[in-house]
Amino acid sequence: MKIRKNGFLKTGEIMSLVLATVIVTGFFWTPYGTTAMNAAEKTLPPSLHHLLGTDNFGRDVFSRVISGAGTSFLIALGVVAVGCIGGVLIGSLCGYFGGIADAVLMRVCDAITAFPAILLALVVVSLFGGGMANILLCLGLLFIPSFARVVRTEVARVRDMNYIQSARLMGVSTGRILLRHILPNTFPVLLPAVTIGFNNAVLAEASMSFLGVGIQPPQASLGSMLKDSQTYLNTAPWYALGTGGMIVLLVLAVSLLSEGIQQGTGRGQV
Amino acid sequence: MTESVLEVRHVSSYYTKARRLSGTHSGFGERDMQVLRDVTFSIQKGETLGLVGESGSGKTTLCRAVLGLGMDYEGEIIHHTDHPQMVFQDPYSSLNPARTVGWTLREALRAGERRGKRASRPLVPEILGQVGLSEEYIDRYPYELSGGQRQRVCIAAAVIQRPQLILLDEPVSALDVTIQAQILRLLVRLKKEFGLSYLFISHDLNVIYQICDRVLVMKQGEIVESGDVRQVYEDPQHDYTKMLLAAVD
Ligand SMILES: Nc1ncnc2c1ncn2[C@@H]1O[C@H](COP(=O)(O)OP(=O)(O)O)[C@@H](O)[C@H]1O
Ligand SMILES: [Mg+2]
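Residue numbers here run from 1 along each chain, matching the order of that chain's written sequence. Chain letters and ligand numbers both follow the written order, the letters beginning at A and the numbers at 1. In keeping with the predicted nature of the model, local features appear solely for residues at pLDDT of at least 70, side-chain atom pairs appear and are counted solely at 80 or more, and the whole-chain, interface and lining totals rest on all residues. In computing side-chain values, all of the structure's heavy atoms are included and hydrogens and water are not.

A. Here's a closer look at the pattern of salt bridges. Residue and element names in this part refer to chain B. For this analysis, a salt bridge means a side-chain nitrogen from Lys or Arg found within 4 Å of a carboxyl oxygen belonging to Asp or Glu. Tallied over the entire structure, the rule returns 13 salt bridges over all chains. Where Glu76 meets Arg9, a salt bridge forms, and the shortest distance between an N and an O atom there is 3.6 Å. Taken as a pair, Glu76 in strand S4 (residues 74-79) and Arg9 in strand S1 (residues 4-15) lie far apart in primary sequence, 67 residues in all. With relative accessibility at 33%, the residue Arg9 sits in the partly exposed group. Only DSSP runs of H or I with at least four residues qualify as helices, and only runs of E with at least two residues qualify as strands; both kinds are numbered from the N terminus onward. Accessibility here uses a 1.4 Å probe with only protein chains present; expressed as a share of the type maximum, an area under 20% marks a residue as buried, one over 50% as exposed, and anything in between as partly exposed.

B. Highlighting the interface of chain A and chain B. Contacts are residue-level and defined by heavy atoms, with any inter-residue pair within 4.5 Å sufficient. Taken together, the contact between chain A and chain B spans 18 residues of the former and 26 residues of the latter. The term buried area refers to how much accessible surface (probe radius 1.4 Å) is lost by two components on association, counted for both of them together. Here chain A and chain B share an interface that buries about 2100 Å² over both sides, 53% of which is from carbon and sulfur atoms. Of all residues in chain A, Asn162, Leu169 and Met170 of chain A give up the largest surface area on contact with chain B, accounting jointly for 32% of the area buried on that side. Put simply, Glu107 of chain B and Arg176 of chain A hold a salt bridge, and the shortest N to O gap is 2.6 Å. Any pair of N or O atoms that falls within 3.5 Å is considered a polar contact. Within protein, one atom must be able to donate a hydrogen and the other to accept it, and sequence-neighbouring residues count only if both atoms are side-chain atoms. Counting the contacts that link chain A with chain B gives nine residue pairs in polar contact (both at pLDDT 80 or more).

C. Layout of the environment of Val80 of chain A. Position of Val80 of chain A relative to the elements: it lies in helix H2 (residues 61-97). Dropping the residues within four chain positions of it, Val80 of chain A is found in contact with Phe147, Val194, Gly197 and Phe198 of chain A.

D. Structural view of the state of the cysteines. Any pair of cysteine sulfurs within 2.5 Å is marked as a disulfide. Scanning the entire structure with this criterion turns up zero disulfides over all chains. The thiol sulfur of Cys94 of chain A is not disulfide-bonded, and the nearest other cysteine sulfur, from Cys109 of chain A, lies at 7.2 Å. Left unpaired, Cys212 of chain B is separated from the closest cysteine sulfur, that of Cys63 of chain B, by 13 Å.

E. Molecular detail of the site of ligand 1. Residues and elements named next belong to chain B. Residues in close proximity to ligand 1 total twelve residues, the closest being Val35, Gly56, Lys59, Thr60 and Thr61. Within the side chain of Thr60, one N or O atom sits 2.7 Å away from an oxygen atom of ligand 1. Between ligand 1 and the protein, one listed contact pairs an oxygen atom with a side-chain N or O atom of Thr61 at 2.5 Å. Looking at the shell around ligand 1, the elements that each hand over two or more residues are strand S2 (33-44) and helix H2 (59-67). Considering each element in turn, the shell around ligand 1 owes the most residues, three residues, to H2. Residues are grouped as follows: nonpolar covers Ala, Val, Leu, Ile, Met, Phe, Trp, Tyr, Cys and Pro; charged covers Asp, Glu, Lys and Arg; every other residue, Gly included, is treated as polar. Residue composition of the shell around ligand 1, grouped by class: three nonpolar, six polar and three charged. Any residue with a heavy atom lying within 4 Å of a molecule or strand is counted as near it.

F. Inspection of the packing of aromatic side chains at higher detail. Aromatic rings from Phe, Tyr and Trp, taking only the six-membered ring of Trp, are treated as a pair when their centres fall within 6.5 Å; an angle between ring planes under 30 degrees marks them as stacked, one over 60 as edge-to-face, and anything in between as tilted. Taken as a whole and assessed by the stated rule, the structure comprises four aromatic pairs over all chains. Judged by centre distance (5.9 Å) and plane angle (70°), the rings of Phe73 of chain A and Phe198 of chain A are edge-to-face. In this pair, Phe73 of chain A sits in helix H2 while Phe198 of chain A sits in helix H8 (residues 187-210), placing the two residues 125 residues apart along the sequence. The same class applies to Phe73 of chain A and to Phe198 of chain A, which are both buried. Plain terms: the ring middles of Tyr141 of chain B and Tyr143 of chain B are 6.2 Å apart, the flat faces sit at 20° to each other, and that makes the pair stacked. For Tyr141 of chain B, a relative accessible area of 11% gives the class buried. For Tyr143 of chain B, a relative accessible area of 34% translates into the label partly exposed. For a Lys NZ or an Arg CZ to count as sitting over a ring, it must be within 6 Å of the ring centre and within 35 degrees of the ring normal. Across from the ring centre of Trp103 of chain B, 4.0 Å away, lies the NZ or CZ of Arg99 of chain B, which sits over that ring. Stacked on the ring of Tyr137 of chain B, the Lys or Arg Arg140 of chain B has its end atom at 4.6 Å from the ring centre.

G. Here's a closer look at the sheet that holds S1 of chain B. Residue and element names in this part refer to chain B. With respect to topology, three strands assemble into an open sheet ordered S2-S1-S4, the strand pairing being antiparallel. Of all the strands in the sheet, the pair left with one neighbour each is S2 and S4. The mean inter-strand angle of the sheet, taken between neighbouring strand axes irrespective of direction, is 15°. A pair of strands is treated as paired once DSSP finds two or more bridges between them. Across eight bridges, S1 lies against S2 in antiparallel orientation. Bridge pairing links Tyr14 to Gln34 in S2. Between N-to-C directions, angles span 0 to 180 degrees; the directions come from axes that are lines fitted to C-alpha atoms, helices contributing only their stretch in contact.

H. Layout of the confidence of the model for chain A. In this model, chain A carries an average pLDDT of 89, and 98% of its residues clear a pLDDT of 70 or more. Helix H4 (residues 117-128) of chain A is the least confidently modelled element of chain A, averaging 84 in pLDDT, while helix H7 (residues 174-182) of chain A averages 96, the highest of any element. What pLDDT reports is the predictor's confidence in each residue, on a scale of 0 through 100.

I. Representation of H2 of chain A within the structure. All names here are of chain A. Given a helix with a known number of residues, its expected span is that number minus one, times 1.5 Å. Its 37 residues place the ends of H2 53 Å apart at the C-alpha level, agreeing with the 54 Å of an ideal helix rising 1.5 Å per residue. Extensive coverage of H2 is indicated by the burial of 26 of its 37 residues. Backbone geometry just downstream of H2 places Gly98 in the positive-phi region, at approximately 60°.

J. Structural detail: the domain arrangement of chain B. All names here are of chain B. Start and end points for every domain follow an automatic or database-based domain assignment. Per the domain assignment, the segments of chain B are domain 1 (1-16 + 29-84 + 167-249) and domain 2 (94-162). In this assembly, 14 residues from domain 1 lie in contact with 13 residues from domain 2. Between domain 1 and domain 2 we count zero salt bridges in total. At the surface where domain 1 touches domain 2, the tally comes to four residue pairs in polar contact (both at pLDDT 80 or more).

Structure, rendered in structure tokens:
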């Protein structure tokens, strides 16, 4: 597939690249320890030593924002991976074969989508406990319907095209027709779905952690940090600003990518 | 005695309206629509058999029945060759938009090889040359091609598998007259080169006259006249054929 360059794509690429570098670096190294407290450096405003100041325990906010973003990033990635793989599997089989299984599965998807994902996730996580793996799996499963739906629609549209009939005449196996002939045609709708899904996952995880059913201390995610920072809004506003800013940047970068991809793949082109 | 590559005997076919509206009570008063009525013909080796008829007369349906593309029928269809190929009328939905010309041709080549047609296979650049496209088209996507160029690629994809029979469903109807003539010449040349047989479909008797040996005239799913193309063209027997001829002039 070809994606034509455009302003959205370029900006999104640069932003994502910078953020990804910072986040990946953060897995191995941060300017200060993320949990290292320092009584002498409590609630310092931003400076050259502490780019985003320090919190009430004297911890470097910049270091914590980076590592929190890392947690959020990993969860969002995992959620999208689970949702996308599950959605592609279900969507392409339903779209290609149709029938009763298709009708039933799509109704189930409708039912799941009818509830806000975050609400369902809250219920599940409060039943089975928080923690990274549970949140990831739970949100991932809840994200499957949205992917399944777009894939199913595309596969059902492409299934009876002349070029697929040609492939059948050639004697190409059904599996290969699905994987190699049909699936690439779903990429133009799948890519935006992946980026939008990523953003929704970042926000869902942040919301859950903010509500206290997500990532548990001492591990930090952007959501749990945003909750902490509320308490010190008066004494250390840079904590909230830094954390909130990171969420905005992350979502913005991926949104730009998404918009760029959609414009660059020329939707509506034959 | 010539050998035939395809025999179609007393084939009838229906479209079921109820099937299309599954889940609703539409069976009452909605009768199945018959599209093919007792169609019988055969195609000889090396022959170009024309099939002419108005739009909606059942020509595409006949192809779908012959090739087993999800069309139920009554009667007998006997293939004396394996894997006949088809070139479709609409060149815009005949090539995978997500794949390059080269990929599509390699996929067709691979399919042919899996059937043991390894010997004397034409290679991708060679077959492109055969259909009048240069090697630089290998990396092109379908949206970068004109209708005529797409149709050339479709023809190449069919031929590269070394079939003996190709069904051409109005392969030039969507093209300009000058491009039509080029494609027709190409088809004639490929037929000689690769020893092909064609079922050539058109709603235009003039085009049929240029390329076919024999012709079948189809009206509402029924073969109403058949015979040597010159004979039918010069001395039509059925009123419907006369009407088609009048439309040509
Ligand atoms: N999928 C379908 N369901 C119901 N009727 C169809 C379908 N496809 C074609 N028909 C009908 O069958 C008849 C023959 O169609 P077709 O074989 O496409 O004709 P032609 O190729 O000669 O133009 C037409 O009346 C058409 O409306
Ligand atoms: Mg037709």
